[in-house]
Structure formats: structure tokens, C-alpha cells
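Residue-level structure breakdown
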Amino acid sequence: MASKSLVIVESPTKAKTITKFLGKDFIVKASNGHIRDLPNSASEIPAKLKKEAWAKLGVNVNDGFEPLYVIPKEKKDHVKQLKEALKKADILLLATDEDREGESISWHLLEALNPKIPAKRLVFHEITKDAIDKALDATREIDSNLVRAQETRRIVDRLFGYEVSPLLWKKMARGLSAGRVQSVAVRLLVERERERISFTRASYWSLKSVFEKSDKSGQIEAELTHVNNQRIATGKDFDPDTGRLKDPSKVTLLSGEQAKELQEKVLAATATVTSVEEKPFSSSPPAPFVTSSLQMEANRKLRFAAQRTMRIAQQLYENGFITYMRTDSTTLSDQALDAARSLIKREYGDDYLPAAPRKYATKVKNAQEAHEAIRPAGESFTSMEDVKKALGAEASKLYELIWKRTVASQMENARGTHISVHIESADARFRASGKTIEFPGFLRAYVEGSDDPDAELADRERILPKVSVGENVNTEVVDSVEHHTQPPARFTEGSLIRELEARGIGRPSTWASIVQLVLNRQYAFKKGSALVPTFTAIAVVGLLEKHFSRLLDYEFTARLEDDLDAISRGEAENTAYLNNFYFGGEFAGLRPLVETGEEKIDPREVCGIPIGQDEKDRLVEVRIGRYGPFITNGEQRVSVPDQQLPDELTLPIASKLLEDASREPESLGMQPETGEPIFLKSGPYGPYVQLGDGTDENGEKIKPKMASLLSNATPEDANLEYAVKLLSLPRTLGEHPETKESVVAANGRFGPYVKSGSETRSINLEELSPLDITLEQALELLKQPKRGRAAAKPKELKDMGPHPVSEKPLKILSGRYGPYVTDGEINASLPKGIDPENLSMQEAVDLLEARASKVGAKKSRRKSGSKSTTKKASAKKKTTTKKKTTTKKASGKKTTTKKASSKKTSKKTTAAKAAE
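Residues numbered from 1 in each chain as written. Predicted model: local features only at pLDDT ≥ 70, side-chain atom pairs only at ≥ 80, totals over all residues. Heavy atoms only, no water.

1. Let's talk about the pairing of strand β24 (residues 731–735)
Alignment of β24 against strand β25 (residues 742–748), held across four bridges, turns out to be antiparallel. Paired with E735 across the bridge in β25 is S742. Between β24 and β25, which pair antiparallel in sequence order, lie six residues; one of them, K740, sits at a positive phi of approximately 65°. (Pairing = 2+ DSSP bridges. Helix = DSSP H or I, 4+ residues; strand = E, 2+ residues; numbered from the N terminus.)

Spelled out as C-alpha cells, the structure:
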């Protein structure tokens, strides 16, 4: 009888792919991820250990930090199935991923299955027949150092989360969480928002001119650089906190009046070319993708969130299309180099092929990651069309990025010439820059941040006409341009991952999950692609900075990664590290810090975020309460509006919100029959009317009758007559002639409807209203075929064409609560005031991405329930400009254009919940 080998991988998809390459002597099973972990609830802790002081941590901190591993209830049947499969095998091959996490899964399988047969580790970084055959010839033992490093990380994360999070519950609000890397990532977002809050805008002016050769053979666009031989001020010359020039003696600050005076002088003067410089350039292709660069580029080009990128990359890997996707190595194997070079020669020609393969230096110094870059798998690269047929358009788009980047990394440099021309006129000096590309090289295949290399090549070239020093040119147009400095940009998912990588925080396997966790925990939300920290995040970071400063320190967090790498190489011992981290050594440990915090942290202090002093010298601040952040001046309070941008909550805005909240509700008059007052109010879910003041004749509090305004009405429409009718709902219209049951008109959670017995029909507010619908109209409506909510076909307002990535058709439809954009799966409401006809494709994609992220966060919260070499890179403040341009042509005609600022919008929903 032939021997059987049991191969265990992480996922069913990976198992299915591997089965194709193995013969009948192999049984392939999936572990479905980790089969053991630290306990997540008290019910998972064995009864004999529940009384132990350390049991809730799941780690025996008093005995060498011994972890308590349990098999979760939902995994027990699966472990039994694996044990049954093991009985049929003569050898166990553990083929989990080639990183610390994969090594740990294999070790846990070995511990849980306790095989009586030989067990070996099977390692490969791409799922191809050749790679698996080679791996079968090179099996090894489980690397205990890698397992110990992963276990140390897991214990540190557990201790940090389980010790600090309860402290946040006591001192701030229930449900908050802290994490070793999560909290550092939130700190980055908060520090950037603080920079935006402290930012002071500055204005400055400049000139832009168009000069033309005297023979009309070409034009030159140039920008003012100097006036009277002194450089003019630009955005970088201003202090972002004060809005003043850093060194006024070194630059000239033009006012609007001075710019216009200079504009007149330049138009009247003769312009002369004073210098022409030409410098050759050569640019090299970017290295093949590692995890972080793939996430950043997919975010830039495809608008993919980091977790979405990794999910699709996992599909590509498990189906055998790319190599392992969690890596920080830029190395390519000889097989990959041969495949890329033969493809370049065939598709692009010998001119694009370097004499020797390119080698890229890698930053990898740890032993945990796969040792090759992300690239197409195999000895010949699969076509994009084949990937699309197998996995769909999204996977094909990501694969195309990887394919192009890999091929470009082995192509020749792009070569060209930079041209700089200086032109003087009156007291002003202008500079024009040009660029020509003589040989595109790798740019023919791949341009960072661009979907179309050929189009990008055209955009990158800026050809200037041939001019010589001393040549006079005609002044055609002079623009005086007003600029405003802008605060540093918020992080996007891609730029946050880049910052974490630059600081040495986290690893390829964790970056995407860190970003998603920050969103899921509601420490940030998305505005377009930007990550905006919430007020809760600002307060939590403030507490941690003051009382846990070392644990929130960027260098300390990065050093932990280096320490884990040392453990994974067998150069350091994990117990000593854990002891120092928890109990303390050179620095205070986690446990003493928590004990001190419980004693010294004042909730009144840490829960407040000052905004300023109002006209009565009262402190206006945002405070974190049980039900979320609210604004208060000590006497009044109001909830912070949903998704309020912290840098835009100024003292005047906060004071206005407090004033509006404290204002007495508007009285529409008296109910004609009862004489009770009817008020128009505004709640968190929109405007509504209320009958009475909420008290009975004895002054006792009662629940008043309330009714949301119909979705087609505004507060301005709500007069006494309208309110009386609205409060009369539900209305009995009469008796159904056939069933003898009452026919009722009402306004419900999902809008107005009529009902008789078990039959209901929605009322289309464009045709009828529940306020005045007649019995005859209701009976006619009830005769119509019943349509479910999903079956009611909304009116199409605009067909936007296919999604640029998924290729799903995008449409703007008219919904119950206003227009929304949809791709057939995700619906995203258009912000108030946005005309569907003016919505661009990019804006539509951003709305869908933001909605998808929010839906994913909600699903994650429902699923989890209530469970709760270091180089410091400086975060430089960047300034950009918005422009107001005044154009004056040689003819003297003036035109003015001003770039419109995007106004904050908010989504308005029904006020039905306000009545509860």
C-alpha cells in the first residue's frame, strides 16, 4: 500500500490550487487560519484556572509569561476532522505561509494534532507545480525561533490591550480600545490634525506670463521667481503656525496691489532671454512591489483600501497567479528575471533590455518575511485576460499593476533633457521649465501613479521652443495670481502605511489590518480618501501621551519590531523582554504605569478637548461622554455633529451650535381640538413636530407624540396646518369594501404607506401624500401588484458608465431619501446640494469607497461583538496653494477666475428615531 501524505494549508482556496499539482498520494486539507489562540472570553478559560489572578489576561505573567492557548468552540469540530484525516496518513506536511504567522499556525497544528507520524514543514512562496516540487525535496523542521517571536508579539499585544483598554473604560468611556501599534497609528493621525488646527493661513501673490517668439513659432509659459534680484515668497517661506514669513529679509512678499503694478510694468517692458540651460537626465525604474508599495500604489491608482488590496492579492496568490504577498524584500528570483527579460525582448525589443539583470537593495534584515518581491508567479507570466477570466476585473486590475511593475523593474532607464529658460522684463525675472524624453525606457511599460503609460509620457514632456540668450520675446499674457497656503494634508491609507514603514512600525502582514482596525474602532473616518481622526481619538491619544508616553513613542514601538526580529533569529530571549515590558526594568513597565494611571488620571481632565473661551469667558470644549463626544460651555451642551472635521470646529461654530441647541423650539400654534402647543424641533435624525411640551396636567413627564417631516418637506414647509395633519397619522380612511377591514394611511420608518389587514403599499410622494390621500386612491393603490422594497425600481438620473476598476456599471438613481450612486452592490447617497449631473466619475468612486469602508466597519463590529534598525522619519509639514487669478492680456482685457472651495456636506436622514 502506497504511503499517504497529509498536507495542511491555511485556506480552502489554497488547498484546491495545491491539489491540482499533487498526485493521489496526497490529502490536502485547510486549517482555516489559526486553530488555537489566547482565550477571548471568560467562557473559554478552563474552570480550574478561572480563579487565577492572571486568567483574564490569558497569560501567566507570574510564571515565565506562559500563554494559555485554547481551541475556540467554532474550531473544535474542524480539529476533529483534521485528526481523522491524520489517521489515513503516514507523514504530515505543514504548508502554511512562509512568515512568522504561518510558522506559528504550523506549530499550533502540531501541538493540537499531536501526530504519531513524522511531521515536516513545507515552504514555498508561490503556488506553482515547480515551486511545490522543489519544496517537497527541501522539507524542514518548524523554526522554533520564528514561533517564539510571533508568540512574543501576541503576548505583548494582549497585555497592552487587556491592561490599557479597561483603564480607558474607567476614565473615559466604555468600549474604547488601545493597542500597541493601533494607538501609535492613531497618534500619527491626531498629530497631523493638531497641525491643521494650529495652522494659520497666509496669502501671497505672484505672476504667470506667456511669452512668444518674435516669429510666432512658439510660446513659453513662465513664472515669476525674482523681483529686483530678490526671490519672491512662496508657500514654503511661511510659518504654518503663525502665517508669517520665517525670514522676511530673504524674500519679497508681493501684495495684490504690488502684483498688479508689476503686471502693468511687465506688459509695457521688453522681455529678454537671459539664460538657457540644458541638462541631460536619466531615471531608473522603481523596484518590484513589496507589501507597502503595492498597497500605496493600489490606493493611488485603483482607489483600493489597504485591506481590499490584500484580500485581492491573497486571491491571486492562492490561485497561483502571484508570489507571496506579505514581504518587504525587493529581490527577484533567477526564474523571475529570466521570465521578465524574455518578455521585454519579445514585447519591447532589445533597446529596452539592459545588458544585465537589475538588482535592487532590500531593507530586509529580519528573518520573518518571504525572500522575494511580489511578482507574477511561474517561469512565464500569466496574461491579464486569463486572470480576468478566472477571478474577475478587480483581480485583473491588481495583477496588471504587479505585472507591469515587475517588467518595468528590469527595463532600461528613461533618458531625456531638462531645459530651464530665464526671461527678464522690467524689474521681474521669470523662469520656464521644459522636459523632453529622448528614450522612454521603463516608462513605456509603467509610470507610478498613472493608469496609461503612453498618455503619461505625453504629459511628462513639456517642450519649449528654441531660444537663445539675448533674444527678445513678445509678452502676450500676464496673470497676477493670489495664493493661499494650505495646512498639511491628512493621511490617506497609502500615506499612513508609508509613514509606518518609514518609522519601522509594524510589518507587511499587519499594515492593512492596522488601518482597518483604526476605522473599525471609530478612531477615524474617511472624507474622500483622507483619514480623519475623531474627537474620541484626540482625547485617547492625549491621555496616552501624558500617562503612557514611552509606550506611545514611535522609536519604542519600532524597537519592538527589531527585538522581535532578534528573537526570530535566535539572538535574544523572549522571557527577559516580556518581563521588562510588563514589570519594568530600565523604564517603567506596563503594569506599574496602569496602576499609577488608575490612581492619578482625572476623568474631568482627560475627557476634555479645549476649543477656546467664549465672550462670557467660559471654556468651550469638546468632552467625551458615555454616548459620544459633545460640546459644552459648562452651562449648555450639544452633541458633536456626525463626522465633524476637528480642524473646522472653531470657537464661533461651536458657540453657534450651543446657541441653536439651547434655543426654545419654534411653536407653530395650538392643536385646534386639544389646545396643546405644537413645536417644530430638530433632532439628530432631522426635523420633526411634537405635540405638547412633554408634561401632563399634573406636571408629570410623559412621552409626547412626535412625527418626522415627510421626506419631501423642509422645516420651512411646516406650518400649523401641515403639522396637525402630520400628527394625525395614522389616519383611518374608511372600510375596505371587500375585506371589511380598515384602510389606514401612515408614515413609517421607510416612508409613507397605506395598509389594510396584512396588505401594505408604499405611497409615492411625487403623486400622493398620506396627509390627504382619499379612500378611493388608497383602494386603487392596494389593487396594484405588491412590490418589495428592493423590487421598486428607482428612477435613473444619470448613467455614468463603467467603474474604472471593477468595470461594474455606475448609475445615479433617485431614492427614497434623495439621489444616490450605485454599482449594483454598494449604494452611496450624494451629499446635499450636489447636482447629480455635475458629479464626476472620481467623486462617484470616492463616495462608493467611503460607503464600502463604513459598511465593512459595521460588519466587523457586528462580527466581533463587544470583544474588545530604527530611523525616526520626521513628519514634514507640507503646504499647497489655492489660487485666485487675475489675467491681463496685452490688449488690456481683464478676466478673473477663482477656484471654488469644496464645502462640507452632511447626509440628512429621517427623524423617525428622534420620536423614540
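2. Looking at the packing of aromatic side chains
Summed over the entire model, instances satisfying the criterion amount to ten aromatic pairs. Measuring from centroid to centroid gives 4.9 Å for Y582 and F583, while their planes differ by 80°, and the two rings are edge-to-face. Members of the aromatic cluster, connected to one another through ring pairs, are F65, Y582 and F583. The positively charged end of R158 is found above the aromatic ring belonging to Y162, 4.0 Å away from the centroid. When the ring centre of F491 is taken as reference, the NZ or CZ atom of R192 above it lies at 4.3 Å. (Phe/Tyr/Trp six-rings, centres within 6.5 Å; stacked < 30°, edge-to-face > 60°. Lys NZ or Arg CZ within 6 Å of the ring centre and 35° of its normal.)

3. A look at the sheet that holds strand β18 (residues 628–632)
If you trace the four strands from one edge of the open sheet to the other, you get β16-β17-β18-β19, paired in antiparallel fashion. On the outer flanks of this sheet lie β16 (608–613) and β19 (637–639), each paired with one strand and no other. When the angles between neighbouring strand axes are averaged without regard to direction, this sheet yields 25°. Across three bridges, β18 lies against β19 in antiparallel orientation. When the bridges of β19 are listed, I631 appears paired with V638. With respect to the sheet, helix α16 (residues 535–547) is in contact with β16, β17 (619–625) and β18, its orientation differing from that of β17 by roughly 90°. (Axes fitted to C-alpha atoms, helices over the stretch in contact; angles between N-to-C directions. Contact = heavy atoms within 4.5 Å.)

4. Points about the sheet that holds strand β31 (residues 827–829)
Sheet architecture is open: four strands sit in the order β28-β29-β30-β31, paired in antiparallel fashion. A strand with exactly one partner marks an edge of an open sheet, and here the two such strands are β28 (795–802) and β31. With direction set aside, neighbouring strand axes in the sheet form an average angle of 25°. Sheet topology note: the β28/strand β29 (residues 809–815) ladder contains six bridges and is antiparallel. Across the sheet, the residue bridging to G801 is L810, located in β29.

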